[in-house]
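Fold and contact review
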Protein chains: 2
Amino acid sequence: MNEFGLIARYFTRPAANADLGVGDDCALMRVREGMQLAVSVDMLVSGRHFFADVDPQSLGHKALAVNLSDLAAMGAEPRWFTLSLALPELDEGWLAGFSAGLHALADQHGISLVGGDTTKGPLTLSIQVAGELPAGSALLRSAGQPGDDLWVSGELGAAAAAVMHGCGRFRLPDTECRAAYRRLEWPTPRVELGLALRGVAHAALDISDGLAGDLRHICARSACGAELWLEALPASDCLAVLPETLRREALLSGGDDYELCFSAPAVQREHLAALAAELGVPLTRIGRLVAGSGVQVLLHGEDICWQHGGFDHFGAA
Amino acid sequence: MNEFGLIARYFTRPAANADLGVGDDCALMRVREGMQLAVSVDMLVSGRHFFADVDPQSLGHKALAVNLSDLAAMGAEPRWFTLSLALPELDEGWLAGFSAGLHALADQHGISLVGGDTTKGPLTLSIQVAGELPAGSALLRSAGQPGDDLWVSGELGAAAAAVMHGCGRFRLPDTECRAAYRRLEWPTPRVELGLALRGVAHAALDISDGLAGDLRHICARSACGAELWLEALPASDCLAVLPETLRREALLSGGDDYELCFSAPAVQREHLAALAAELGVPLTRIGRLVAGSGVQVLLHGEDICWQHGGFDHFGAA
């Protein structure tokens, strides 16, 4: 099998949302009237974003999930995506698994693979997604207002606990370990929630680099500060076995959870509780936006002076 | 400087064609009414698509140029692009050069960088471009018709000669060497030509893997065959110093020229001659589409039985 056979077998599928899919110089799509296009891109490098021996099916899932999460954070409906893939060798078993994980999640969200590029090289992949939303309805990082409640979806910290285990920082018991790896490798993009938050939430983002660090982006762009209530954070059950320092680190600075953090006016509390029940996604009030700047982490009202770094790919290791 | 500083300094520019550029979970754009979106993506890996010590400014240029070439081959007007970049280390000199080359070409074609992802890893980059064209006006690989003339823009083979020199297959004299590297490292995407070919050409593609191999894609999708006239091919002056076998290889199988190959009915010959003069881009008639299948290379009417491979990233080295 050569490069073209590989593309035909594993990556060429009918592109439901496109006028023309894989196979020409470009794919061709139409954007529906009155809609704005939302576009995001992520790059995943072996040994950096995932362990080299990761199950290829989960990698296919995760590579698309992290991008769908960006669409969710904007309130955009997934429409199409492209894939760039550098592979050290043509391994059919690996490709079959990877493409199965990718397509399964794509089908679930009705997003079409419309183009790509496959080449030889150190295992690296980049996915770019595009979604649509009614013009002017995006959930912007800049839309937070002092007085807004801060909310987070789902549970926090499990993915970080898996990374701590993988790096040898803490040995998780088997049950917690399985649960934590499941969250790290099979994140659930909160696409439906993102759509439901249009017109309800003010600012929103997805937590990919850690809650406290990511929240700073909302503060900076909304020109306000934030209080986070440590005791209110919805911790994953996996964290119960961790010492308190690691538990806090997982909750506040752990990446890879891909939950949504958003601000909303207090008047939306009842609506959000109903929405959580309807979607089957926990929504927890974890703090508030305040006048000022920066993120303050409080434990029962006391500032714990958290040094939230957030993840910096070029920071000191 | 950290990852965010890097993005702010080198990659955050006003995104003229976007409602929202770099800095949120997604960029937001609008597609003009009646227009179709054309999207393409390419991935470039160090040591595979470029020499590791290549001038970063030319790499920035080339990374975008190869994608603009895909838009040109479709007849689409460049609108916006995203960049995924894995870097072994944060080298400001390299980043300054790379981003200067990238932005200079972007400005020249009015295309906006609207999003990206930067991470640590083996030097790899992926650019995804989007352009617009009036719905239904794209130059498709499937639109060729037996009897069409085959045309190519510019000159062929210089980039391949540079690769032959770089790999030690043939030592080019200094003058030819400089000219050949200039073509390899600073390709000119034929964007204006692509726009002008809408409604004039039938099928079109850009030559990235070699004329004879790429032409097979038009034949396969248009369900026809093609004759290429070797003596008619517009050879770069650099090729004069090569032995005939390498000269033919550079002309027929050399990638990286990023010229457009297109088919057009005979009735367009005068118009195309005028267009060549108007744009200052040579257009040469190099063969024709015929009934049947496959690409035949003729020298003064005799089949030379050319074994055109085209480049396969996973083929035997």
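Here, the structure is the one placed above.
Residues numbered from 1 in each chain as written. Chains lettered and ligands numbered in written order. Predicted model: local features only at pLDDT ≥ 70, side-chain atom pairs only at ≥ 80, totals over all residues. Heavy atoms only, no water.

**Notes on unusual backbone geometry**
A positive phi is found at A:C305, a non-glycine position, where the angle reads about 50°. Among the structural elements, A:C305 can be located in the segment after β12 (302-303). Looking at A:C305, the relative accessible area reads 54%, which means it is exposed. Backbone geometry places B:Y258, a non-glycine residue, at a positive phi of 55°. (Helix = DSSP H or I, 4+ residues; strand = E, 2+ residues; numbered from the N terminus. Buried < 20%, exposed > 50% of the residue type's maximum accessible area, 1.4 Å probe, protein only.)

**Structural notes on the packing of helix α4 (residues 158-166) of chain A against helix α5 (residues 174-185) of chain A**
All names here are of chain A. Interhelical geometry of α4 versus α5 gives an angle of 110° and a closest axis separation of 7 Å. Here α4 is positioned roughly perpendicular relative to α5, judged by the angle of their axes. Of the two elements, α4 crosses α5, and the hand of that crossing is left-handed. Between α4 and α5, the contacting residues are A158, A159, A161, A162, V163, H165 and G166 on the first element and C177, A180, Y181, R183 and L184 on the second. The residue inventory of the contact of α4 with α5, partitioned by class, reads nine nonpolar, two polar and one charged. (Axes fitted to C-alpha atoms, helices over the stretch in contact; angles between N-to-C directions. Parallel < 35°, antiparallel > 145°, perpendicular 65-115°, else oblique. Left-handed = near helix turned anticlockwise from the far one by under 90°. Contact = heavy atoms within 4.5 Å. Nonpolar A, V, L, I, M, F, W, Y, C, P; charged D, E, K, R; others polar.)

**Re helix α7 (residues 211-222) of chain A**
Residues and elements named next belong to chain A. Compared with an ideal rise of 1.5 Å per residue, which puts 12 residues at 16 Å, α7 spans 16 Å between its outermost C-alpha atoms and is within 8% of the ideal. Turning to α7, its buried residues number three or more, namely L211, A212, G213, D214, L215, I218, C219 and S222. Immediately beyond the C-terminal end of α7, within one or two residues, lies A223, with a positive phi of roughly 50°. (Expected span 1.5 Å × (residues − 1).)

**Remarks on the relation of the copies chain B and chain A**
The two copies are related by a screw operation: chain B maps onto chain A through 180° of rotation and 0.0 Å of translation along the axis, at an RMSD of 0.0 Å. In short, the pair behaves as if placed about a two-fold rotation axis. In this assembly the copies share their binding face: 100% of the residues contributing to the interface of chain B also contribute to that of chain A. (Least-squares fit on C-alpha atoms with pLDDT ≥ 70 in both.)

**Observations regarding the sheet that holds strand β12 (residues 302-303) of chain B**
Residues and elements named next belong to chain B. Judged by pairing direction, the sheet is mixed, and its seven strands sit side by side in the order β7-β9-β6-β10-β8-β11-β12 without closing on themselves. Each having just a single partner strand, β7 (204-206) and β12 make up the two edges of the open sheet. Both strand β11 (residues 294-299) and β12 contribute to a ladder of two bridges, which runs antiparallel. By the bridge assignment for β12, L298 is matched with D303. Packing against the sheet, helix α2 (residues 56-74) makes contact with β7 and β9 (260-264), and its axis sits at approximately 175° to β7. (Pairing = 2+ DSSP bridges.)

**Details of the interface of chain B and chain A**
For interface size, the figure often reported is the accessible area lost on association. With 70 residues of chain B at the interface, the matching set in chain A holds 71 residues. Between chain B and chain A we count four salt bridges in total. For A:D25, the salt bridge identified is with B:R141, shortest N-O distance 3.0 Å. At the junction of chain B with chain A, the criterion picks out 21 residue pairs in polar contact (both at pLDDT 80 or more). The leading source of residues in the side of chain B that touches chain A is strand β2 (residues 35-45) of chain B, at 10 residues. Residues that form the side of chain B that touches chain A fall into these classes: 36 nonpolar, 17 polar and 17 charged. In this structure, strand β2 (residues 35-45) of chain A lies alongside strand β1 (residues 27-29) of chain B, joined through three bridges in antiparallel fashion. Within the sheet, the bridge partner assigned to A:V39 lies in β1(B) and is B:A27. (Salt bridge = Lys/Arg side-chain N within 4 Å of Asp/Glu carboxyl O. Polar contact = N/O pair within 3.5 Å; in protein donor to acceptor, adjacent residues only side chain to side chain.)

**Points about the packing of aromatic side chains**
This structure, assessed with the given rule, holds four aromatic pairs over all chains. With 5.0 Å between their ring centres and 10° between their planes, A:W94 and A:F98 make a pair best called stacked. Taken together, the residues span about one helical turn, with A:W94 and A:F98 both in helix α3 (residues 92-109) at a distance of four residues. The exposure class of A:F98 is buried, given its relative accessible area of 0%. Summarising the aromatic geometry, the rings of B:W151 and B:F262 are spaced 6.3 Å apart at their centres and angled 5° between planes, so their arrangement reads as stacked. You can see B:W151 sitting in strand β6 (residues 149-153) and its partner B:F262 sitting in strand β9, a full 111 residues away along the chain. (Phe/Tyr/Trp six-rings, centres within 6.5 Å; stacked < 30°, edge-to-face > 60°.)

**A look at the side chain of A:T119**
The residue A:T119 is located in strand β4 (residues 112-120) in this model. Among the polar contacts listed, one links the side chain of A:T119 to the side chain of B:H49, at a separation of 3.4 Å.

**Description of the pattern of salt bridges**
Tallied over the entire structure, the rule returns 30 salt bridges over all chains. Residues A:E244 and A:R247 are paired through a salt bridge, measuring 3.5 Å at the closest nitrogen-oxygen approach. Here the residue A:E244 and the residue A:R247 both occupy positions in helix α8 (residues 244-253), the gap between them amounting to three residues, near one helical turn. Exposure remark for A:E244: the relative accessible area of 40% places this residue in the partly exposed category. The partner of B:E259 in a salt bridge is B:R183, and the shortest N-O contact between them spans 3.0 Å. Of this pair, B:E259 sits in the loop between α8 (244-253) and β9 while B:R183 sits in helix α5 (residues 174-185), and the two are 76 residues apart along the sequence. Take B:E259 and B:R183: they sit in the same class, and that class is buried.

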